[in-house]
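Results of the structural survey
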Amino acid sequence: MTEQHDSIILNFIVRVLLVPFIFVFGIYVLVHGEASPGGGFQAGAIVAAGLVLARLTVGSEHGERRISTRVLLWLASAGIGIYVLAGIVPLLAGANYLDYAALPVEWFNAVAGHERTNRAMGIFIVEVGIFIGVFSVLVILYDHLTERFTDD
Amino acid sequence: MRLLTAALLLPLAALLIYVSADLPDRGDPDAPANLHLSPELVEVTERDIEIPNIVTAVLADVRGYDTLGETLVVFTAGLAVLLVLMRGARPRDRGRSNER
């Protein structure tokens, strides 16, 4: 089990400088997956790494169990669910499975004031689903890999 | 045994090095790998999807079904590891077994 470190330098660097930056960078990688290298898998891994770093530093008693495994499992399932829904909704509109062109998201162009194709927005939707799924799975793995060492 | 291994591997290495001389140059637009499907993918991305990143367009749209399977693989692997790691936990501890 990880323990809390009393070093103020470590705490400051990790909690004030590194972790917020890693989170923001992870979201950046997710949102800019359409324009630059990146996407759901990478962003999920980066944000999960930031969370693991925080938990390693502040110790398990403060850092862990803020999100319980139960919630994380629901989140992971929801991520997959977003992806599957993005596939099923076009089916209802008479198109093929995962045919984003048939997704009813044209209204979003008016809200956000840009001109993006339905397929581009479909890509972003499934990337968000991948992000949630990968992030939750990685955090679940970290939680349960560290917990075993206390029991033995 | 070592001699046999060497006798098998050395000709293979020689063959591979010999064949590699005939490979097309890196980034050659006339290479077979760049002639068959790539132009169509570039075209589809520009025309129908209109995002700058062709890799993402192929990953999430053209081969969306494949990526759905990949995500399911990650999810299933996580579930399997979770099941193995929680094997010793008592049923009532599951889900909150991180407390001491």
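Each remark here, short or long, concerns the structure printed above.
Below is a short write-up of the structure. (Residues numbered from 1 in each chain as written. Chains lettered and ligands numbered in written order. Predicted model: local features only at pLDDT ≥ 70, side-chain atom pairs only at ≥ 80, totals over all residues. Heavy atoms only, no water.)

This next bit is on helix α2 (residues 40-58) of chain A. All names here are of chain A. For α2, with 19 residues, the first-to-last C-alpha span of 27 Å sits near the 27 Å given by 1.5 Å per residue. Buried within α2 are the following residues: Gly40, Ala43, Gly44, Val47, Ala48, Gly50, Leu51, Val52, Ala54, Arg55, Thr57 and Val58. In the stretch just after α2, glycine 59 is the one whose phi turns positive, near 90°. (Helix = DSSP H or I, 4+ residues; strand = E, 2+ residues; numbered from the N terminus. Expected span 1.5 Å × (residues − 1). Buried < 20%, exposed > 50% of the residue type's maximum accessible area, 1.4 Å probe, protein only.)

Let us look at a nonpolar patch on the surface. Taken together, the side chains of Ile8, Ile9, Phe12, Ile13, Val16, Leu17 and Leu18 of chain A make up a nonpolar region of the molecular surface, amounting to roughly 680 Å² of accessible area. Looking at the element boundaries, leucine 17 of chain A is found in helix α1 (residues 8-31). (Patch = residues over 30% accessible without salt bridge, like charges linked within 9 Å, V, L, I, M, F, W, Y side chains within 5 Å. Areas by Shrake-Rupley, 256 points an atom, 1.4 Å probe, with all protein chains shown as cover. Salt bridge = Lys/Arg side-chain N within 4 Å of Asp/Glu carboxyl O.)

Often the size quoted for an interface is simply the accessible area lost on bringing the parts together. On the chain A side, the residues contacting the 32 residues of chain B number 38 residues. Taken together, both faces of the contact between chain B and chain A bury some 3100 Å²; the carbon and sulfur share is 66%. The tally of links from chain B across to chain A stands at two salt bridges. The shortest N-O distance in the salt bridge between aspartate 48 of chain B and arginine 119 of chain A comes to 3.6 Å. In terms of residue count, the dominant contributor to the side of chain B that touches chain A is helix α5 (residues 64-85) of chain B (14 residues). (Contact = heavy atoms within 4.5 Å. Buried area = accessible area lost by both parts, 1.4 Å probe.)

Below, the discussion takes up the nonpolar core. Residues Tyr83, Tyr100, Ile123 and Val126 of chain A together with Ile49 and Ile51 of chain B are the most contacted members of the largest nonpolar core, which totals 18 residues. Looking at this core, the elements that each hand over two or more residues are α4 (69-92) and α6 (118-151) of chain A together with α3 (38-49) and α4 (54-62) of chain B. With six residues, the top contributor of residues to this core is α6 of chain A. If near-sequence neighbours (up to four positions away) are discounted, isoleucine 49 of chain B is found in contact with Thr117, Arg119, Ala120 and Ile123 of chain A together with Val44, Ala57 and Asp61 of chain B. Within the second largest apolar cluster, 13 residues are counted, among which are Val29, Leu30, Phe135 and Val139 of chain A. (Core = buried A, V, L, I, M, F, W, Y, C linked by side-chain atoms within 4.5 Å.)

From the geometry alone we can't say anything about function, so treat these as descriptive.
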